[in-house]
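Summary of the model geometry
Below, each chain spelled out in residue letters.
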Amino acid sequence: MAELVSDHVLKRLREWGVDRVFSYAGDGINGLLAAWERADDRPRFIQSRHEELAAFEATGYAKFSGRVGVCAATSGPGAIHLLNGLYDAKLDHVPVVAILGQTARSAMGGSYQQEVDLMSLYKDVASDYLQMVTVPEQLPNVLDRAIRIAASRRTVTAVIIPADVQDLEYSPPEHEFKMVPSSLGLPSPRSTPSPEGLAEAAEILNSGERVAMLVGQGARGAADAVVEMADRLGAGVAKALLGKDVLPDDLPFVTGSIGLLGTRPSYEMMRDCDTLLVVGSSFPYSQFLPEFDQARAVQIDIDPTMVGMRYPFECNLVGDSAQTLRMLLPLVERKTDRSWREKVEDGVARWRRVLERRAHVDADPVNPERVFHELSPLLPDDVMVTADSGSAANWYARHLVFREGMRGTLSGTLATMCPGVPYATGAKFAHPDRPVVALVGDGAMQMSGINELITIGHYWREWEDPRVVVAVLNNRDLNQVTWELRAMGGAPQFLPSQRIPDFPYAGFAESIGLRGIKVDDPSDVRDAWQRALSADRPCVVEFVTDPAVPPIPPHATLDQMESVAKALAKGDPEAWSVVKRGVVSKAQEFLPGDGRGGR
């Protein structure tokens, strides 16, 4: 049988080492589906419940494997559904290739069923590379470039293949005019900063007395160099949310996350430092960085388009984080005065005590901070953790103490709902021998997480380690938005938009053959985690949590507190509970023994 375009697409993916494609069937990719059958399901077709979930799965796979994620969808609605997950990948700088069906060439422009102008629709999300294949000779060049650009630029690319083209006999580009041949292989260029740039950066860092470091996901793989640099500078190290797993949290000088979801020691370090070194991060919120006239600053990033942003950096070094730090280290003097480092470490220790107390504040029925605090020491050494957007992200950022070897991620820049559970699926296909914990709010579970449980239930038996623990915070409230209404809008909770129906999450898990545990007593939290982490199959742990426990930023402004007070005064239905929980939670920062005064 002759090789068709669809056959060659799958063959080329195999040659690139692609082993999984996350997708959902549709007649716009019927040619590809038939080719999959002829290819004995190589690369593996992973059937999602919805194309948006397929894109999230591909993104999670790419985040945890370090490889290119691939997803596919039919024309029209299928391609539209992919977009949210693809934007999540694009904004978090994750390499994902989308393969899209399209109506037959003969029908284009004829308002045909499911005809959508995909070139226009995808021109933003796949702005680095977007092409439609109209003749067989365009392959393999188009697919090769899509993969190469996605990997090298850490972005989203897309290839559109009309339905009739998929069924054409494949013929390679020839040695002729206007033919474009192609080849496999992804070079790994390494740009390095100039000696002059390194000397300038060293002068800035050597002149500082109170150095703060901020690392992001671009510093992954540079942990040893970051630790050595921090030691030499006597610096504390804060982490952008996507860089939570770059450095272990149990290092005494690591202050944890920064920003609205961040920690008090990160806030205090940025408030008081006189020098800033940012490594592999494009953290967007400049209000959480030092005042513009306060600190001299150096930035290191591999992407020249991302330097010089967010802060008035004096020196920008373009290069791989680990390699650049290694080149810079010999020029940096070890600071003999360690009082700044000691102050940072004292702040971290004090914050840990505050979190311990806050986790044990009484709530009705379960304090969500306790849920995360009890989980932290129980996390397996090789765990992969995903978190969804919402209040769960607050507790993920602050309470989980990552140790060396642990991985974790969430939707950092798009901050979209719903990736938590499909990320877990993608993570399991990347590393089937490692356990996964997904931390999700009930809003995200009702939006699409319940459907993703069906996918997990379909595939879990083939994973070497069957453990996938999905923790659901069941507070029957779209909690993060509720608090944003109060703190930023000065508006009370609007029940028709914020209150969501109850649902038996644990019971649903049991109904599809998974484990289900429901917890509505705080004394049962630790035991529930232990049972879930030792289960012989995926497990949903439904924690009935108190929506009135506030995700108070450790640096809440007076304006924010006044907004909350005004919102409550306007008749917020949870007013008394909010006041009671908020006062008690905030008080934990000022109790004796917190490091601010005598014990």
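Quick caveat, the model's predicted, so the values are computed rather than measured. (Residues numbered from 1 in each chain as written. Predicted model: local features only at pLDDT ≥ 70, side-chain atom pairs only at ≥ 80, totals over all residues. Heavy atoms only, no water.)

**Observations concerning the overall build of the chain**
To be explicit about the condition: Each helix is a run of DSSP H or I of at least 4 residues and each strand a run of E of at least 2, with the numbering of both proceeding from the N terminus. Put simply, the radius of gyration uses C-alpha atoms, and a globule should come to 2.2 Å times the residue count raised to 0.38. Contacts between residues were defined by any pair of non-hydrogen atoms, one from each residue, lying within 4.5 Å.
In terms of helices and strands, the chain carries 22 helices and 18 strands. Relative to the globule expectation of 25 Å for 599 residues, the C-alpha radius of gyration of the chain, 25 Å, shows essentially globular dimensions. Each principal axis of the C-alpha atoms in the chain carries an extent, and together these give about 85 × 65 × 45 Å. In the chain, of all internal contacts separated by at least 6 residues, the share reaching a separation of at least 24 is 75%.

**So, the domain arrangement of the chain**
As a reminder of what qualifies: What counts as a domain boundary in this text is fixed by an automatic or database domain assignment. Summed over both partners, the accessible area lost on bringing two parts together, with a 1.4 Å probe, is the buried area. For salt bridges, the criterion is a side-chain nitrogen of Lys or Arg within 4 Å of an Asp or Glu carboxyl oxygen. Here a polar contact means two N or O atoms within 3.5 Å. Within protein one must be a hydrogen donor candidate and the other an acceptor candidate, and residues neighboring in sequence count only if both atoms are side-chain atoms. Just so you know the grouping, Ala, Val, Leu, Ile, Met, Phe, Trp, Tyr, Cys and Pro go in nonpolar, Asp, Glu, Lys and Arg go in charged, and all remaining residues, Gly too, go in polar.
Domain annotation for the chain reports domain 1 (5–167), domain 2 (195–346) and domain 3 (361–588). Contacts between the two partners involve 22 residues from domain 1 and, on the opposite side, 30 residues from domain 3. Summed over both partners, the interface of domain 1 with domain 3 buries about 2,100 Å², with 60% contributed by carbon and sulfur atoms. Linking domain 1 to domain 3 there are one salt bridge. Between Arg44 and Glu462 there is a salt bridge, and its shortest N-O distance comes to 2.7 Å. Put simply, domain 1 and domain 3 have 14 residue pairs in polar contact (both at pLDDT 80 or more) between them. Elements represented by at least two residues in the side of domain 1 that touches domain 3 include exactly strand 1 (20–23), strand 2 (44–47), helix 3 (51–65) and helix 4 (77–91). The element best represented in the side of domain 1 that touches domain 3 is helix 3, accounting for nine residues. For the side of domain 1 that touches domain 3, the class distribution of residues is nine nonpolar, six polar and seven charged.

**What about the UniProt feature "domain: Thiamine pyrophosphate enzyme N-terminal TPP-binding" (unreviewed entry) in the chain?**
Put simply, the test is: UniProt positions are given in the numbering used here, feature names are shortened, and annotations may be inferred rather than shown by experiment.
Look at the UniProt record and you will see "domain: Thiamine pyrophosphate enzyme N-terminal TPP-binding" (unreviewed entry) annotated at residues 5–120. In the segment residues 5–120, helix accounts for 46% and strand for 17%; the C-alpha atoms at its two ends are 24 Å apart.

**Some details on the pattern of salt bridges**
When the charged atoms of two side chains with opposite charge come close together, those side chains can pair. Threshold: Here's how the labels work: a residue is buried when its accessible area is under 20% of the maximum for its type, exposed when over 50%, partly exposed in between, all with a 1.4 Å probe on protein chains only.
The final tally for this structure, using the stated rule, is 33 salt bridges. Between Arg12 and Asp144 there is a salt bridge; the shortest N-O distance is 2.8 Å. With Arg12 in helix 1 (residues 5–15) and Asp144 in helix 6 (residues 141–153), this residue pair connects regions lying 132 residues apart in the sequence. Residue Arg12 is classed as buried on the basis of its relative accessible area, which comes to 10%. According to the relative accessible area criterion, Asp144 is buried, its value standing at 0%. A salt bridge links Glu369 to Arg358; the shortest N-O distance between them is 3.3 Å. On the criterion of sequence distance, the pair formed by Glu369 in helix 13 (residues 368–375) and Arg358 in helix 12 (residues 339–359) is long-range, its members being 11 residues apart. Each member of the pair Glu369 and Arg358 is classed as buried. Taken together, the salt bridges that share partners define one network made up of Arg12, Glu15 and Asp144.

**Points about the pairing of strand 15 (residues 436–441)**
A regular strand places its side chains so that they alternate between the two faces of the sheet. For clarity, the cut-off: Between any two strands, at least two bridges found by DSSP are needed for them to pair.
The buried fraction of strand 15 is high, at six of six residues. Burial along strand 15 is two-sided: the face carrying Val436, Ala438 and Val440 and the face carrying Val437, Leu439 and Gly441 are both buried. With four bridges joining them, strand 13 (residues 384–387) and strand 15 adopt parallel strand pairing. Within the sheet, the bridge partner assigned to Thr386 lies in strand 15 and is Ala438.

**A short note on the packing of helix 1 against helix 6**
To keep things clear, this is the line we draw: Lines fitted to C-alpha atoms define the axes, with helix axes restricted to the stretch in contact, and inter-axis angles between N-to-C directions lie between 0 and 180 degrees. Note on convention: near helix rotated counterclockwise from far helix by under a right angle means a left-handed crossing. Clockwise means right-handed.
Remark: helix 1 packs on helix 6, axes separated minimally by 10 Å, with the N-to-C direction vectors making an angle of 35°. Relative to helix 6, helix 1 is oriented so that their crossing is right-handed. In this structure, helix 1 contributes Val9, Arg12 and Leu13 to the contact, and helix 6 contributes Leu143, Asp144 and Ile147. Its residues assigned to classes, the contact of helix 1 with helix 6 comprises four nonpolar, no polar and two charged.

**So, the sheet that holds strand 10 (residues 275–279)**
Think of a sheet as strands paired side by side through backbone hydrogen bonds, with each pair either parallel or antiparallel. Reading across the sheet, the six strands line up as 9-8-7-10-11-12 and stay open at both edges, with parallel pairing between neighbours. The sheet is open, and its two borders are formed by strand 9 (254–257) and strand 12 (315–318), each paired with just one other strand. Along the sheet, successive strands turn relative to each other by an average axial angle of 15°, direction set aside. Relative to strand 9, strand 8 (residues 236–239) runs parallel, the two sharing three bridges. Its bridge partner lying in strand 9, Lys239 is registered against Ser257. In the packing of helix 9 (residues 223–233) onto the sheet, contacts are made with strand 7 (211–215), strand 8 and strand 10, and the angle to strand 7 comes to roughly 165°. Contacts from helix 11 (residues 321–328) reach strand 10, strand 11 (296–301) and strand 12, with the element oriented near 135° to strand 11.

**Regarding the confidence of the model for the chain**
Rules: Note on scores: pLDDT gives the predictor's confidence for each residue, bounded by 0 and 100.
Across the chain, the average pLDDT comes to 92, with 90% of residues at or above 70. Segment residues 595–599: pLDDT under 50, and 11 contacts once partners within four positions in sequence are set aside and those in other chains are kept.

**Focus: helix 3**
Filter applied, for reference: Each helix should span, by expectation, one fewer than its residue count multiplied by 1.5 Å.
Compared with the 21 Å implied by 1.5 Å per residue over 15 residues, the 21 Å span of helix 3 between its first and last C-alpha is a close match. With 14 of its 15 residues buried, helix 3 lies for the most part within the structure.

**Details of the packing of helix 15 (residues 420–430) against helix 16 (residues 442–459)**
Here is the rule we go by: Any angle that is under 35 degrees is reported as roughly parallel, and any over 145 degrees as roughly antiparallel; angles of 65 to 115 degrees are reported as roughly perpendicular and all others as oblique.
Contact pair helix 15 / helix 16: the axes reach a minimum separation of 8 Å and the direction vectors enclose 25°. On the basis of the axis angle, helix 15 is roughly parallel to helix 16. Contact with helix 15, carried on its side by Val421, Pro422, Thr425 and Phe429, involves Met445, Gly449, Glu452, Thr455, Ile456 and Tyr459 of helix 16 and no other residues of that element. Counted by class, the contact of helix 15 with helix 16 contains six nonpolar, three polar and one charged residues.

**Here's the deal with the pairing of strand 1**
Stated formally: Look down the strands so they point away from you; if going from the first strand over the helix to the second traces a clockwise path, that crossover is right-handed.
Residues Arg20 and Phe22 point to one face of strand 1 and Val21 and Ser23 to the other, with burial holding for every one of them. Examined bridge by bridge, strand 1 and strand 2 share four bridges and lie parallel to one another. Counterpart to Phe22 in the pairing with strand 2 is Ile46. A crossover links strand 1 with its parallel partner strand 2, the connecting element being helix 2 (residues 30–38), and its sense is right-handed.

**Observations regarding the environment of Ala491**
Structurally, Ala491 is set in the loop between helix 17 (479–489) and helix 18 (495–498). As a C-alpha pair, Ala491 and Ile454 span 37 residues in sequence and 38 Å in three-dimensional space.

**Regarding a negative patch on the surface**
Here is the rule we go by: To count toward a patch, a residue needs a relative accessible area over 30% and no salt bridge; like charges are then connected within 9 Å, while nonpolar side chains (Val, Leu, Ile, Met, Phe, Trp, Tyr) are connected within 5 Å. Surface accessibility follows the Shrake-Rupley procedure with a 1.4 Å probe radius. Residue values consider only the protein chains on display as shielding. In this tally Asp and Glu are treated as negative and Lys and Arg as positive; neither His nor the chain ends contributes. Here the site of a charge means NZ on Lys, CZ on Arg, CG on Asp, or CD on Glu.
On the surface, Glu209, Asp337, Glu342 and Asp346 cluster together to form a negatively charged patch. Assignment of secondary structure puts Glu209 in the loop between helix 8 (195–207) and strand 7.

**A few points about the UniProt feature "domain: Thiamine pyrophosphate enzyme central" (unreviewed entry) in the chain**
In this structure's numbering, the residues bearing the UniProt feature "domain: Thiamine pyrophosphate enzyme central" (unreviewed entry) are residues 198–328. What you have in residues 198–328 is 29% helix and 21% strand, and the ends, taken at the C-alpha atoms, are 6 Å apart.

**Topic: the environment of Ser48**
Tracing the sequence through the fold places Ser48 in the loop between strand 2 and helix 3. Separated by 403 residues in the primary sequence, Ser48 and Asn451 place their C-alpha atoms 9.0 Å from one another. Contacts of Ser48, omitting those with residues within four sequence positions, involve Ser23, Tyr24, Leu53, Ala54, Glu57 and Thr455.

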